[in-house]
Amino acid sequence: MPELPEVELVAKSLDNLTKNRQILTAELLRERLAPFNPPEDFSQKLKDSKITGVHRRGKHILFDLNNGQTLITHLRMSGRFLLLPVECELPKFTHAVFYFSDETRLVFSDQRHFGYMRIVETEKLRETKELKNLAPEPFSDEFNQKYFRAVLKTSKRSLKEFLLDQTKVCGLGNIYAAEAMFLARVNPQTPAHSLSVKKAGVLLEKIREVLAESIVHGSTLNINPENIDGSYYGGGYESSWRVYDREKQPCVNCRTEIERLKQGGRSSYFCPKCQK
Ligand SMILES: [Zn+2]
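Residues numbered from 1 in each chain as written. Predicted model: local features only at pLDDT ≥ 70, side-chain atom pairs only at ≥ 80, totals over all residues. Heavy atoms only, no water.

**So, helix H2 (residues 39-46)**
Argument step 1. Of the positions making up H2, those classed as buried are Phe 42, Ser 43 and Leu 46. Axial view of H2: buried residues confined to an arc of 95°, hence all on one face. Looking at H2, the residues exposed on the side facing more than 90 degrees away from the buried face are Glu 40 and Gln 44.
Argument step 2. Phi turns positive, to about 55°, at Asp 48, one or two residues after H2. (Buried < 20%, exposed > 50% of the residue type's maximum accessible area, 1.4 Å probe, protein only. Helix = DSSP H or I, 4+ residues; strand = E, 2+ residues; numbered from the N terminus. Arc of directions from axis to C-beta.)

Next comes the structure, spelled out in structure tokens:
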């Protein structure tokens, strides 16, 4: 599942590829993709609009349109975009199609059917339920030590579950949470509220470090316009995870075997010696 760096790359690629393109019409083929916008409304709100820019908030991709509307998209497990020439056949699992005036089409395809879209007034974007409760962006000034300590204090859950809660920390998923906790030498089972001030400070810095490292890596990749998905870390980058998906392999610091445990139904990887 794409996390902040992957979504950032997808949003940037879409901004490069679709900014200033004119949408002639749009078609919602799977109604449940956009539960708040029935197909007719979906087409109506996108028809004859121009994409003025594509950006990101948390793991949401936002297409700003020149008609005062914004299309919110979440890739979830397997959503991807494809910019296709008109003669190309639509791929399997096509759930929405945007027809551009230059005879290309932007296709949203989603094998696992968890993707999500909603069209809202740009002015009300910040108040929509998808965005209003999101934690501050990890690279913003609001995401600082004072904020981080305050939200940690309010949580009785494990640190791992805390880090995945997008209302507390925004943009992390299973991979980057594991990597940040490893670098900060904190155990994923630690109750969030019990983390020391010092450790909280280190963890915040490491969250930024792992995200920034991956964003930089992503910016060096060539993205295929016909397959803009959020899984670029699968393309050679995964070999450099320090702890994620390395069960029973030696810790890169101390050679102790990496352990895996289930938390909230998902795997956590950690070094029992480095992350006591
Ligand atoms: Zn270790």
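Now that the structure has been shown, the text picks up again.
**Structural notes on the sheet that holds strand E1 (residues 22-28)**
Argument step 1. Read across the sheet, nine strands follow the order E8-E4-E3-E2-E1-E6-E7-E5-E9 without closing on themselves; strand pairing throughout is antiparallel. If you trace the sheet from one side to the other, it starts and ends with strand E8 (116-121) and strand E9 (228-229), each paired once.
Argument step 2. Summarising the sheet, strand E6 (residues 94-100) and strand E7 (residues 104-110) pair through five bridges and their orientation is antiparallel. Bridge pairing in E7 links Val 97 to Val 107. (Pairing = 2+ DSSP bridges.)

**Notes on the nonpolar core**
Argument step 1. Counting residues in hydrophobic clusters, the biggest one holds 38 residues, and the most contacted among them are Phe 148, Leu 159, Phe 162, Leu 163, Leu 203 and Ile 207.
Argument step 2. The set of elements that each furnish at least two residues to this core consists of helix H4 (145-153), helix H5 (159-164), helix H6 (174-184) and helix H7 (197-219).
Argument step 3. When near neighbours in sequence (up to four residues on either side) are disregarded, Leu 159 contacts Leu 152, Met 181, Val 186, Asn 187, Pro 188, Thr 190, Ala 192, Leu 195 and Leu 203.
Argument step 4. Judged by nonpolar contacts, the second largest core, of 28 residues, contains Val 7, Ile 23, Leu 46 and Leu 65. (Core = buried A, V, L, I, M, F, W, Y, C linked by side-chain atoms within 4.5 Å. Contact = heavy atoms within 4.5 Å.)

**Let's talk about the pattern of salt bridges**
Argument step 1. If you walk through the whole model with that rule in mind, you get 16 salt bridges.
Argument step 2. The shortest N-O distance in the salt bridge between Glu 137 and Arg 57 comes to 3.0 Å. Placement of Glu 137 in the loop between helix H3 (129-132) and H4 and of Arg 57 in strand E2 (residues 49-57) is noted, with a sequence separation of 80 residues between them.
Argument step 3. With relative accessibility at 17%, the residue Glu 137 sits in the buried group. (Salt bridge = Lys/Arg side-chain N within 4 Å of Asp/Glu carboxyl O.)

**Some details on the coordination of the zinc ion**
Argument step 1. Every protein donor of the zinc ion is listed here as Cys 251 (SG), Cys 254 (SG), Cys 271 (SG) and Cys 274 (SG), and their distances to the metal cover 2.2 to 2.3 Å.
Argument step 2. Each of the four donor atoms bound to the zinc ion contributes to angles spanning 102 to 112°, and the resulting shape is tetrahedral.
Argument step 3. The sequence pattern describing where the donors of the zinc ion fall on their chain is C-x2-C-x16-C-x2-C. Taken together, the positions of Cys 254 in the loop between E9 and strand E10 (259-263) and Cys 271 in the segment after strand E11 (266-270) put the pair 17 residues apart, joining distant regions of the chain.
Argument step 4. A relative accessible area of 22% means that Cys 254 is categorised as partly exposed.
Argument step 5. On the accessibility criterion, Cys 271 (0% relative accessible area) is buried. (Donors = N, O, S within 2.8 Å, 3.2 Å for Na, K, Ca; no water. Tetrahedral: all angles 85-135°; square planar, octahedral: opposite > 155°, others 65-115°.)

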